Amino acid sequence: MNGSRIAAIGHYQPARVLTNEDLAGMVDTSDEWITSRVGIRTRHIAGPDEPVDELAAHAAAKALAGAGLAPADIDLVLVATSTAVDRSPNMAARVAARLGIPSPAAMDVNVVCAGFTHALATADHAVRAGASARALVIGADKMTDVTDWTDRTTCVLVGDGAGAAVVEASEEAGIGPVLWGSVPEMGHAVRIEGTPARFAQEGQSVYRWATTQLPPIARKACERAGLEPADLAAVVLHQANLRIIEPLAEKIGAVNAVVARDVVDSGNTSAASIPLAFSKLVEQGAVSTGDPVLLFGFGGNLSYAGQVVHCP
């Protein structure tokens, strides 16, 4: 085996939906204010009895079922999250316990909004190196746990959810080379810090960085996969803000691609946003098996990671 591939993908969102009208009753905002600035209309909110590992386990169970695998077939669990409450046991171990996965390597990856694409690259490397046969890669966040509901600039953005992918060895590379990096001196632009932890960001700085600095990086990820942006069937960017997604996708030059816009219905779910949006495209039949899809995460730490994958 010379490569790895995504065998299946799944997602999960809590049942409760919070609309812009609901938010207008909680903070000084309106549907018009929110949609004109960030393009979000609804978001899913987890309850106090729905921890991050539960969201993650639901999404992972769907991915396992889609791959036709049992928990015992998995030997590596990677969970991308920045909203874990406890330091130990880590989220990956908690998810493994919920699913009944025996003796996996279990690691959390905290790269905030770029976490899933970092974790996917790590799983790809582990499988191709022979350290893992089948990996479960999950992005899961409960952003509402770290939200200041009195701050209308951030509380209108966030939602909760999870997405998961099963990665396994394949004869051909179904996961392209990753292009990743960061701007650590600008890490203060997106923060989850303090006691209690709260999400804050410098919105204009993030917008300028994402729309000016990231397009050539995303195009280079396509180049590493041996593709032109016009060859892509879909582009799944971190679902941060529709006003970032649309210009970024245009500047990448993926003129024939479906562009994921799940942020409209789900809000910003941080590490969950890419697998969540990708899983929905697959479920809706917007992309077909084997189609090339660019996954590109960016955000916290001003980190980024992107790779072209073949649709499961």
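Refer to the preceding data block for the structure.
What comes next is a walk through the structure. (Residues numbered from 1 in each chain as written. Predicted model: local features only at pLDDT ≥ 70, side-chain atom pairs only at ≥ 80, totals over all residues. Heavy atoms only, no water.)

## What to know about the pairing of strand β4 (residues 76-80)
So, step 1. Of all the five residues making up β4, five are buried; the element is thus mostly covered by neighbouring parts of the structure.
So, step 2. Residues of β4 alternate between two faces, with Leu76, Leu78 and Ala80 on one and Val77 and Val79 on the opposite face, all of them buried.
So, step 3. Relative to strand β5 (residues 105-109), β4 runs parallel, the two being bridged by five bridges. Counted as the bridge partner of Leu78 is Met107 from β5.
So, step 4. With helix α4 (residues 91-99) bridging β4 and its parallel neighbour β5, the resulting β-α-β unit is right-handed.
So, step 5. Bridge count for β4 against strand β6 (residues 134-142) is five bridges, and the pairing is parallel. Each bridged residue has a counterpart across the sheet, and for Leu76 the counterpart in β6 is Ala135. (Buried < 20%, exposed > 50% of the residue type's maximum accessible area, 1.4 Å probe, protein only. Helix = DSSP H or I, 4+ residues; strand = E, 2+ residues; numbered from the N terminus. Pairing = 2+ DSSP bridges. Right-handed = clockwise from strand over helix to strand, strands pointing away.)

## Things to note about the side chain of Thr81
So, step 1. As for its position among the elements, Thr81 is in the loop between β4 and α4.
So, step 2. A relative accessible area of 4% places Thr81 in the buried class.
So, step 3. Here the side chain of Thr81 touches Asp141 through a polar contact of 2.9 Å, side chain to side chain.
So, step 4. Not counting chain neighbours up to four residues away, the residues in contact with Thr81 comprise Val52, Met91, Val109, Asn110, Ala140, Asp141 and Ala271. (Polar contact = N/O pair within 3.5 Å; in protein donor to acceptor, adjacent residues only side chain to side chain. Contact = heavy atoms within 4.5 Å.)

## Points about helix α8 (residues 214-224)
So, step 1. Those residues of α8 that sit buried are Leu214, Pro215, Ile217, Ala218, Ala221 and Cys222. In an axial view of α8, the angular spread of the buried residues amounts to 165°, which keeps them on one side of the axis.
So, step 2. Packed against the buried residues of α8 are β8 (179-182), α7 (203-212), α9 (242-252), β13 (292-299) and β14 (303-310). (Arc of directions from axis to C-beta.)

## As for the sheet that holds β13
So, step 1. In spatial order, the strands read β8-β14-β13-β11-β12; together these five strands make up an open sheet with mixed pairing. Looking at which strands have only one partner, the edges of the open sheet turn out to be β8 and β12 (258-259).
So, step 2. Pairing between strand β11 (residues 234-237) and β13: four bridges, direction parallel. For Val235, the partnering residue across the bridge sits in β13 and is Leu294.

## Regarding the packing of aromatic side chains
So, step 1. Within the structure shown, the criterion is met by two aromatic pairs.
So, step 2. With 6.5 Å between their ring centres and 70° between their planes, Trp209 and Phe298 make a pair best called edge-to-face. Of this pair, Trp209 sits in helix α7 while Phe298 sits in strand β13; the two residues are 89 residues apart in sequence, bridging distant segments of the chain. Exposure class is identical for Trp209 and Phe298. Each is buried. (Phe/Tyr/Trp six-rings, centres within 6.5 Å; stacked < 30°, edge-to-face > 60°.)

## Digging into the side chain of Ser132
So, step 1. Tracing the backbone through its elements, the reader meets Ser132 in the loop between α5 (115-128) and β6.
So, step 2. At 2.5 Å, the side chain of Ser132 forms a polar contact with the side chain of Asp75.
So, step 3. Here Ser132 is in contact with Asp75, Leu76, Ala126 and Val127, once residues within four sequence places are set aside.

## What about the pattern of salt bridges?
So, step 1. Scanning all chains against the criterion turns up 13 salt bridges.
So, step 2. Close ionic contact of Asp31 with Arg41 constitutes a salt bridge, the shortest N to O distance being 3.7 Å. Placement of Asp31 in helix α2 (residues 31-37) and of Arg41 in the loop between α2 and β3 (42-45) is noted, with a sequence separation of 10 residues between them.
So, step 3. Judged by its relative accessible area of 25%, Asp31 is partly exposed.
So, step 4. The exposure class assigned to Arg41 is partly exposed, which follows from its relative accessible area of 46%.
So, step 5. What you see here is one network of salt bridges that share partners, running through Arg5, Arg134 and Glu168. (Salt bridge = Lys/Arg side-chain N within 4 Å of Asp/Glu carboxyl O.)

## Focus on the sheet that holds strand β7 (residues 160-170)
What holds strands together in a sheet is hydrogen bonding between their backbones, with the strands either parallel or antiparallel.
So, step 1. The strand order across the open sheet built from five strands is β1-β7-β6-β4-β5, with neighbouring strands paired in mixed fashion. Either end of the sheet is taken by a strand with one partner, and the two such strands are β1 (3-12) and β5. Averaged over all adjacent pairs, the angle separating strand axes in this sheet is 20°, with direction ignored.
So, step 2. Across the sheet, α5 touches β1, β4, β5, β6 and β7, and the angle it forms with β4 is around 165°. (Axes fitted to C-alpha atoms, helices over the stretch in contact; angles between N-to-C directions.)

By themselves, these are just geometric observations and shouldn't be taken as functional.
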